[in-house]
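Commentary on secondary and tertiary structure
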Amino acid sequence: MRIRSRDLIERPLGVLLFAALAACIVFAMIATCIELEAQPRGSPLTTTVVRGRVVRRDASHRGVEWMVSANGRRMHLSGIPRFVGGDAFPGDDVAIEAVGRPADPGSPYERHLFTARRADWVGRVVEVRAARPPTEPVAGAVRELHRLIARMRDAMVALVEDTLPPPHDAMVLQLSIGYRARETAGVAEWFRDAGVIHVLVVSGLHVALIYALIDVLVRFLPVPYAVRIPIGIVFVWVYALLAGLTPPVTRAAFMVTCLAAARLSGRDYASLHALAFAAVVILIENHRALYSTSFQLSFGACLGLILFYPVLHRAAKPLTDRAPRPAAYAADLLLATVSAQVFTIPLVMLHFHRISPVGFVANLFAVPLGTLLLWCGFALYLALVAPVLTGPLAAAAHGVSHVLVGAMELFAKLPCASVTVPAPAGWAIVGYGILALTSRWALGRGRWWGSAGTLVVAALVLGLGTRTRGVRSAVSFLPVGLGDAVVVHAADGTACMVDCGGEPRDAEQVIAPYLLRGGVRELSAVVITHAHINHYGALEELSRMVPVRRLYMSDFAADAPGYRAMLARMVRTGTRITVVSRPTDVPLGDGMLRLVPLWDDTEADELAARDSNALVALLNLGGATCLFSADVPLERTIPVAAQHDFTGRWDILLIPRHGRNAADTRHPACRSARVRVVSSDARAAGLHRGAAVGTTDGVISVAIRPGSATAHRDTEGWRIRVPPASLGPHGTASR
């Protein structure tokens, strides 16, 4: 065998590249774990003036997010420029007054910022006091480039929002330039249930289409081949900046750059080496990205396509060559879908706690329609320079988007379209990955039955890792700010909630991730104690992600803004509503939740009347007694509990009125309770850990065990032992 001199150089370089990738992965794992341990949890909000340089700027319907590098820390700040006194661009030296705290890895949203954005501090802008352009020429040129791209993005957003109705305007913006819009929230749920949410994310497909489009267009220019290639690369990186330089886009941009370099040098393009090179560069720039969802899914899908698709395509080629062109295209698309999901299935189960059996079929429609909508979106942007084209291009984009949304809604409503599953254990993911690589090795040697058998074993390993462990009774208090969100886990696997936070983002960032991570597929009941927004505001958004079987509410349904409309929408989605007008028992496996309505027709103030006519929740779970009295003082709820045989020392007590009233904290029932929990805003009122457990510190879980009960904070793992009460003859606690 003749060995070329090129091989003597390229093979060692390939070995060095993969060795560098392994070193980067090991370093990223160790460094990120150390930083996560060192990152403070549950820090109170503070007001500070951030002085530093802007290194990143992202825009969405919620406003602008700035990343500021100050004193060796990266600080993620959000705000609306017209309300905070100004804007800033990468390269600007700024002085910004902000309210925030160190990023808490216990919060899913802040953990995402900590890993994907490398943010050490998260806050909201109060005022932009100063923003000075940089004096360095290079930094100034970078700033002007970002300003130009921001103006381009603003013009595109204005054009699409003016010409397309919602949610189709948001669909085009999300698909083409990654602009996050509020109107896609409900539509995104259909795409998620259909298993094609990747279509709405700017990914490598978009970058490849941009490069292919520019490559075709520049062929008509009278320029040499060596100039046409760099022109395409420039457009690719401009588009990457326009889309926000997310890990999938950055990965694809680096791989396309490697492809262009191979074409210019006349060498063969090694996609696996290009993928490794992109991973090394991204991990060097941000080692925490290894733990971000987008990084893992993007590289997992691309690795599956590189390893499995060529082999499957060659095997199916004799059949596809004889098939009609549409059938052959559908077969290739199906093979690509299967290849991409080989390594992403365990990651989807880990991060999203669901799988979509219809996703393989839905992709046959979503990918071509999404690609067509992407081309329509790019064509619509031509109206910025040729306004006469606005009408027909907008009509085309509207039509394609309507068909795409309708098709995904149909798939999402099929039976078992989306199946909620527990997150797999780490050993199961590693074992699955090793077996999947073994299957690819067997596939490459033509051992089809061996490959199929190995994949079956890999699926069994993943299934064993996701097997639901023994469910134990527990009560968990979630950090949702000025509000309450209590999850009750019964021994039979059912779960219910008492109140559910005040804002839709509480459901998206806190409640739903906690429930799905614990394998909760639906809530058997949700209790809304009273009609204050901070106790029910996240309910509707939560029901889209975790179905709610039954809703219990007080018959004092005051006309709070949006409250009645929200209840009507819940009914239309299949939730049954029970109005509690007398003491009602909700069975919960090894316990019982008793709801007692309070009556007070003497209160003239409407807001106060909602408190005094609330529901009091009395829980007996596994022999432990719990009191959730919402915003009703203890001096009123303790006698009510005694009337229902809930007497003696409480095991778990949620301090009412968010710990702001000294009469509650000094009440004998509060002082004697074994575990006292207070809402996350309590530190501002001076209630510290010595008096109660505050959800500022993260999720507070009280696990009830035979013989003992323990309370521990998920973020740091301290414990409080609580001996359980013995059950009386009627299932109530006796002392």
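Going by the structure above, here's the rest.
Structural notes, computed from the coordinates. These numbers were taken from a predicted model, which means no experiment stands behind them.

Turning our eyes to something else, we now look at the overall build of the protein chain. A tally of helices and strands in the protein chain yields 24 helices and 25 strands. Going through the 735 residues of the protein chain one by one, you find that 53% of them count as buried. When contacts within the protein chain are restricted to residue pairs at least 6 apart in sequence, long-range pairs at least 24 apart make up 68% of them. Surface exposure of the protein chain reaches about 33,200 Å², of which carbon and sulfur atoms provide 62%.

Moving on: the pairing of strand β4 (residues 93–102). Extensive coverage of β4 is indicated by the burial of 8 of its 10 residues. Of the strand pairs in this sheet, strand β1 (residues 46–60) and β4 are connected by 8 bridges, and their pairing is antiparallel. Within β4, the position partnered with Thr48 by the bridge is Ala98. Judged from the 10 bridges that link them, β4 and strand β5 (residues 121–132) form a sheet pairing that is antiparallel. Looking at β5, one finds that Val99 is bridged to Arg124.

Turning our eyes to something else, we now look at a nonpolar patch on the surface. On the surface, Ile25, Val26, Met29, Ile30 and Ile34 cluster together into a nonpolar patch covering about 440 Å² of accessible area. For Val26, the position within the fold is in helix α1 (residues 5–38). Taking relative accessible area as the criterion, Val26 reaches 45% and is therefore assigned partly exposed.

As summarised here, the arrangement of the 5 strands in space is β1-β2-β3-β5-β4, forming a closed barrel in which the pairing is mixed. The sheet shows a mean angle of 50° between the axes of neighbouring strands, direction not considered.

Looking now at the nonpolar core. In terms of nonpolar packing, the biggest core is built from 57 residues, with Met171, Ile177, Phe191, Val196, Leu373, Tyr381 and Met408 touching the most fellow members. When residues of this core are traced back to their parent elements, those giving at least two are α4 (137–163), α5 (168–177), α6 (184–193), α7 (204–217), α8 (225–242), α9 (247–265), α13 (359–380) and α14 (390–412). When sequence neighbours within four positions are dropped, the list of residues in contact with Val196 reads Phe191, Gly359, Ala362, Asn363, Ala366 and Met408.

Turning our attention to unusual backbone geometry. With an omega of 0°, the peptide bond running from Pro166 to Pro167 counts as cis. One non-glycine residue with positive phi stands out, namely Asn71, at about 55°. Relative to the helices and strands, Asn71 is located in the loop between β2 (63–70) and β3 (73–79).

The subject of this paragraph is helix α3 (residues 108–116). Taken as a whole, α3 has its buried residues at Glu110, Leu113, Phe114, Thr115 and Ala116. Two residues or fewer past α3, Arg118 is found with a positive phi of approximately 60°.

Our focus in this paragraph is the environment of Tyr309. Secondary-structure assignment places Tyr309 in helix α11 (residues 293–322). Sequence separation between Tyr309 and Val338 is 29 residues; the distance between their C-alpha atoms is 8.3 Å.

Opposite charge on two side chains allows them to pair when their charged atoms are near. Scanning the model with the defined rule gives 17 salt bridges in all. Ionic pairing is found between Lys317 and Asp321, a salt bridge with its closest N-O pair at 3.6 Å. In this pair, Lys317 and Asp321 both sit in helix α11, 4 residues apart, roughly one turn of the helix. Since its relative accessible area comes to 41%, Lys317 is described here as partly exposed. One salt bridge in this structure joins Glu409 and Lys413, with 2.8 Å as the shortest N-O distance. Residue classification places Lys413 among the exposed residues on the basis of a relative accessible area of 59%. Each member of the salt-bridge network shares a partner with another, and the members are Arg56, Asp58, Glu65 and Arg117.

Another point: the packing of α9 against α11. Between α9 and α11, the least distance of the axes is 8 Å, while the angle of their chain directions is 40°. Considered as vectors, α9 and α11 are oriented oblique to each other. Within the contact between the two elements, α9 uses Pro247, Pro248, Arg251 and Met255 and α11 uses Ser294, Phe295, Ser298, Phe299, Cys302 and Ile306.

Within the secondary structure, Pro547 is located in the loop between α19 (539–545) and β12 (550–554). Its relative accessible area of 41% is what places Pro547 among the partly exposed residues. It is 4.9 Å that separates the C-alpha atoms of Pro547 and Glu522, two residues lying 25 residues apart in sequence. Ignoring any residue separated from it by four or fewer positions in sequence, one finds Pro547 in contact with Arg521, Glu522 and Leu523.

What follows covers helix α17 (residues 504–517). Between the first and last C-alpha of α17 there are 19 Å, a value that for 14 residues agrees with the 20 Å anticipated at 1.5 Å per step. At Ile511, α17 shows its strongest bend, of approximately 40°, with the proline Pro513 following within four residues. Here α17 lies mainly inside the structure; 10 of its 14 residues are buried. Positive phi appears at Gly519, one or two residues downstream of α17, with a value of about 80°.

Reading guide: rules and limits
- Residues numbered from 1 in each chain as written.
- Predicted model: local features only at pLDDT ≥ 70, side-chain atom pairs only at ≥ 80, totals over all residues.
- Heavy atoms only, no water.
- Helix = DSSP H or I, 4+ residues; strand = E, 2+ residues; numbered from the N terminus.
- Buried < 20%, exposed > 50% of the residue type's maximum accessible area, 1.4 Å probe, protein only.
- Contact = heavy atoms within 4.5 Å.
- Areas by Shrake-Rupley, 256 points an atom, 1.4 Å probe, with all protein chains shown as cover.
- Pairing = 2+ DSSP bridges.
- Patch = residues over 30% accessible without salt bridge, like charges linked within 9 Å, V, L, I, M, F, W, Y side chains within 5 Å.
- Salt bridge = Lys/Arg side-chain N within 4 Å of Asp/Glu carboxyl O.
- Axes fitted to C-alpha atoms, helices over the stretch in contact; angles between N-to-C directions.
- Core = buried A, V, L, I, M, F, W, Y, C linked by side-chain atoms within 4.5 Å.
- Parallel < 35°, antiparallel > 145°, perpendicular 65-115°, else oblique.
- Expected span 1.5 Å × (residues − 1).
- Bend = angle between axes of the 7 residues up to and from the residue.

Take it as geometry only, folks, not as evidence of what the structure does.
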